[in-house]
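For reference, the chains in residue letters:
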Amino acid sequence: MSTQILLVEDEEALAQFLKQELTYEGYEVTVEQDGMNGLVKARESNPDLIILDWMLPRLSGIEICRRLRTSHNHVPIILLTAKDEVSDRVTGLDSGANDYIIKPFSLEEFLARVRVHIRHLQEPNADLLTFYDLSLDRKTREVRRANRLIDLTAKEYDLLEYLMSHPRQVMTRNQILEQVWGYDFMGDSNIIEVYVRYLRIKLELEGEPRLIQTIRSVGYVLRE
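These numbers come from a predicted model, not from an experiment. (Residues numbered from 1 in each chain as written. Predicted model: local features only at pLDDT ≥ 70, side-chain atom pairs only at ≥ 80, totals over all residues. Heavy atoms only, no water.)

All right, on to the environment of Tyr198 then. In this structure, Tyr198 sits in helix α8 (residues 191-203). Linking Tyr198 and Leu152, residues 46 residues apart in sequence, is a C-alpha distance of 9.1 Å. (Helix = DSSP H or I, 4+ residues; strand = E, 2+ residues; numbered from the N terminus.)

Moving on to the sheet that holds strand β7 (residues 134-137). An order of β6-β7-β8-β9 is seen for the four strands of this open sheet, with the pairing classed as antiparallel. Of all strands in the sheet, those with a lone pairing partner are β6 (128-131) and β9 (148-150), marking the two edges. Sheet twist, expressed as the average angle between the axes of neighbouring strands with direction ignored, equals 20°. As judged from the four bridges shared by β7 and strand β8 (residues 142-145), these two strands associate in the antiparallel manner. If you follow Leu136 over to β8, its bridge partner there is Val143. In this fold α8 packs onto β7, β8 and β9, with an angle of close to 160° to the strand it touches most, β9. (Pairing = 2+ DSSP bridges. Axes fitted to C-alpha atoms, helices over the stretch in contact; angles between N-to-C directions. Contact = heavy atoms within 4.5 Å.)

Right, let's get into the side chain of Arg148. Relative to the helices and strands, Arg148 is located in strand β9. Given a relative accessible area of 15%, Arg148 falls into the buried group. Side-chain polar atoms of Arg148 contact the backbone oxygen of Lys202, separated by 3.1 Å. Apart from residues no more than four positions distant in its own chain, Arg148 is found in contact with Val143, Lys202, Leu203, Glu204, Leu205, Glu206 and Glu208. (Buried < 20%, exposed > 50% of the residue type's maximum accessible area, 1.4 Å probe, protein only. Polar contact = N/O pair within 3.5 Å; in protein donor to acceptor, adjacent residues only side chain to side chain.)

Each pair of aromatic rings is reported with the distance of its centres and the angle of its planes. Scanning the entire structure with this criterion turns up three aromatic pairs. On the basis of an interplanar angle of 85° and a centroid distance of 6.4 Å, the ring pair of Trp54 and Tyr100 is categorised as edge-to-face. A residue pair is termed long-range when its members are at least 10 positions apart, and Trp54 in the loop between β3 (49-53) and α3 (61-70) and Tyr100 in strand β5 (residues 99-102) qualify at 46 residues. Take Trp54: its relative accessible area is 10%, and that puts it in the buried class. Summarising the aromatic geometry, the rings of Tyr195 and Tyr198 are spaced 5.3 Å apart at their centres and angled 75° between planes, so their arrangement reads as edge-to-face. In this pair, Tyr195 and Tyr198 are both assigned in helix α8, three residues apart and thus about one turn of the helix distant. Given a relative accessible area of 0%, Tyr195 falls into the buried group. In this structure, Lys83 packs its charged tip against the face of Trp54, placed 5.3 Å from the ring centre. Note that Arg141 overlies the ring of Tyr157, its terminal NZ or CZ placed 3.8 Å from the centroid. (Phe/Tyr/Trp six-rings, centres within 6.5 Å; stacked < 30°, edge-to-face > 60°. Lys NZ or Arg CZ within 6 Å of the ring centre and 35° of its normal.)

Following this line, the structure appears as C-alpha cells:
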C-alpha cells in the first residue's frame, strides 16, 4: 500500500509542483488549498504524513497543528513557511509540527525531509522504550515517569525519543539538531537548551532525579 501524503498549500503552482515530485517518488498525494478543508481532510483520511503551509485561507497551518494534537492525532507534520526567526520556529514546533522547512527550499532537501519522516513510520523498532523509571510508547506516543503520565509537545517527544534511543551515549548538539530538527541553525541558537529545559521541568515535576545530563560544550546524555 502506497504512503498517503496530505499537502495543504494555497500557492497553486507550488502545490502542483510538489505533488508532481512526490508522486514521482511513489507517494499518493492529496492537495487542499484551504486551511479548514485541510483540517477536515486530515481527520477524515488519516494520511501517513501532512505537509502544511503556515499561512492559509480560513485556518492557518499553526492552528491545524494545534487542533490535530489537541484531538490526540499524532500524524507527522512538516510545516512550510517563509518565517525564519528562531521564535517562529519555536512557535511552529510548539504547535505540534515535527519539522519546519523555510521557503525558498531546495527540492532535494524537501524530499529528504519527507523520506526521514516516512522512514520513521516504517522502521521495525520496538514500540516501547524504557530507561530507569521512564517509559515511552512509540505506538501511542505516551510518556510516563513511573506511573505518572507526562504530556509533551511533538518536538519535546521527538527529543526525548532520540535520547532514549541512545541511552548513556553522549549526543552532540550537531547530532541532535540533525536527527531531531532535521536542519542546522545558523548562528548561536539555544533551541536545544530551551527544549531540554522544557523536558526537565516536566520529567522532574514531582522531584524525581534528573535523567537528562548536560555534557558541557558537547551535548547531552540520558543517564542516572
